[in-house]
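# Topology and contacts: notes
In case you want the letters, here they are:
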Amino acid sequence: MSARVFLGALVAVVLALRLLYSIVRRRRRAEPSGLRCPACQAQRLVVTAAIVLPGSSPLDLEALACRRCTFRGAGVRTSDDHVGYPLPPLEWGRLSSAILRCPSPRDPACTCAEHLREGRVWTDTRAREGRFVID
Ligand SMILES: [Zn+2]
Ligand SMILES: [Zn+2]
């Protein structure tokens, strides 16, 4: 193999690697990072459904699920903070289907049965256990 052919091949390999690297980097950036799961610590906690509840300041109630472990929970997002509470699977399923049944989950003034019930349940979270901060 002559030195020129060898150098040409080397340059081609380097260019191919650089292209591959930029593709991987772009893909990694596009991947949704997710929230940090309080159970397994992976950035794989995602909001599977959300509903805006009325209140002095409207709050976002979210069904949270970890894509890596079995953790399920509810997130409460206000203008001040974003916290979560672990939920047993049955309660999480009930919350998720309640949000799906609401005809207008982004509207805090919606008066459907799910909105009224979740509003009652989630406007006072002082008695809830396992509160964790979502960042
Ligand atoms: Zn997890
Ligand atoms: Zn509703």
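Residues numbered from 1 in each chain as written. Chains lettered and ligands numbered in written order. Predicted model: local features only at pLDDT ≥ 70, side-chain atom pairs only at ≥ 80, totals over all residues.

Counting its regular elements, the protein chain contains three helices and five strands. For 135 residues, the compact-globule estimate of 2.2 N^0.38 gives 14 Å, and the C-alpha radius of gyration of the protein chain, at 23 Å, exceeds that figure by more than 25%. Along the longest, intermediate and shortest principal axes, the C-alpha atoms of the protein chain span 80 × 30 × 25 Å. Counting over 135 residues, the protein chain shows a buried share of 19%. (Helix = DSSP H or I, 4+ residues; strand = E, 2+ residues; numbered from the N terminus. Rg over C-alpha atoms; globule rule 2.2 N^0.38 Å. Buried ≥ 20, exposed ≤ 12 C-beta atoms within 10 Å, placed from the backbone.)

Split by domain assignment, the protein chain resolves into domain 1 (1-31) and domain 2 (45-133). Between the C-alpha centres of domain 1 and domain 2 there is a distance of 47 Å. (Domains from an automatic or database assignment.)

When two helices pack together, their arrangement is captured by the angle between the axes and the distance separating the axes. Where helix H2 (residues 89-101) contacts helix H3 (residues 113-122), the two axes come as close as 8 Å, and the packing angle between them is 140°. With respect to H3, the element H2 is oriented oblique. Here the hand of the crossing between H2 and H3 comes out left-handed. Contact with H2, carried on its side by Ala-98, Ile-99 and Arg-101, involves Glu-114, Arg-117 and Glu-118 of H3 and no other residues of that element. Of the residues contributing to the contact of H2 with H3, the split by class is two nonpolar, no polar and four charged. (Axes fitted to C-alpha atoms, helices over the stretch in contact; angles between N-to-C directions. Parallel < 35°, antiparallel > 145°, perpendicular 65-115°, else oblique. Left-handed = near helix turned anticlockwise from the far one by under 90°. Contact = placed C-beta atoms within 7 Å. Nonpolar A, V, L, I, M, F, W, Y, C, P; charged D, E, K, R; others polar.)

Judged by nonpolar contacts, the single largest core of 17 residues is most densely connected at Leu-45, Leu-61, Ala-63, Leu-64, Cys-66, Ala-74 and Leu-95. Elements with a contribution of two residues or more to this core: strand E1 (45-53), strand E2 (59-66), strand E3 (72-77) and H2. Per-element tally for this core: the top contributor is E2, with six residues. Apart from residues no more than four positions distant in its own chain, Leu-95 is found in contact with Ala-63, Ala-74 and Leu-87. (Core = buried A, V, L, I, M, F, W, Y, C linked by C-beta atoms within 7 Å.)

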